[in-house]
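Each chain, written out:
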Amino acid sequence: MLARWLLGTVLVTWRYLWETTPLYRGGECRGDERDRPPPLPGETVDGRVQRVEDGCGSLFHRLFRVRIVEAEIDAGRLIELICRDFKRFIPSEVVTIRAGELRVQGLDVADELLVEMPGPWNGPVRVVHRDAESLHLATLRGHMEAGQVQFRARNDDDLLVFEIELWARSGSRLVHLLYTRLRLAKEVQLNMWVRFCLSAVTASGGRLRDGVHISTRWLDSPATARPS
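Enquirer: When you look at the overall build of the chain in this model, what are you seeing that I'm missing?
Expert: Helix and strand counts for the chain stand at four helices and ten strands. Helices (α) and strands (β) of the chain occur, in sequence order from the N terminus, as α-β-β-β-α-β-β-β-β-β-β-α-α-β. Scored against the burial criterion, the 228 residues of the chain give a buried share of 50%. A sequence separation of at least 24 residues applies to 67% of the contacts in the chain between residues at least 6 apart. A total of about 11300 Å² of accessible surface is found on the chain, and carbon and sulfur atoms cover 55% of it.

Enquirer: Which parts of the structure should I look at to understand the side chain of Asp 35?
Expert: Summarising the element assignment, Asp 35 is placed in the loop between strand E2 (28-30) and strand E3 (56-69). Owing to a relative accessible area of 3%, Asp 35 belongs among the buried residues under this scheme. At a separation of 2.8 Å, a polar atom in the side chain of Asp 35 contacts the side chain of Arg 217.

What counts and how
Residues numbered from 1 in each chain as written. Predicted model: local features only at pLDDT ≥ 70, side-chain atom pairs only at ≥ 80, totals over all residues. Heavy atoms only, no water. Helix = DSSP H or I, 4+ residues; strand = E, 2+ residues; numbered from the N terminus. Buried < 20%, exposed > 50% of the residue type's maximum accessible area, 1.4 Å probe, protein only. Contact = heavy atoms within 4.5 Å. Areas by Shrake-Rupley, 256 points an atom, 1.4 Å probe, with all protein chains shown as cover. Polar contact = N/O pair within 3.5 Å; in protein donor to acceptor, adjacent residues only side chain to side chain.

This is the structure in structure tokens:
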């Protein structure tokens, strides 16, 4: 397993360095109250959920967006594919997805996943919401981050738009050091979500238009959810 992780990390890094897809990062800037995460559905929250309030350091709000032309499926079908076969969309060279027995519709509310990554980065998450065009996960205790991630798709005239939106703080002081100070974990995360977006393009049967757009905003103040 260690050898696989080491080889996988080298391969993912190599592919990242030679990635020809345009990445429009848009710079980083200080955020405001609009960058706080949405409230979690109360019925899905228990003592195992690792909310942003439980994290360390600044709150980072990141958005990854791709626009797809000539897609062969609509937004609802893309989200269905993600829920049915989540591991298809992540860089399998270094990341492993483990889940319990899923229902016929795939991931749904209360289902849990374990995202296994190199080093002490295992990421348990729980589905807290799913509808026709979105999937919403929250981190659990032991995750490298404390926060939430949403996967969304929508039809926009002749385009299919796919987005990944994250609200997260470091789950520990070590992660805070690597993420905020050394930026190592931050670049690993960016690579993983870029790959996820590109996999969504492939799954749609369409073509990427004008690269992957990434925005990052941050808040220094303790991170609490927006009012309902």
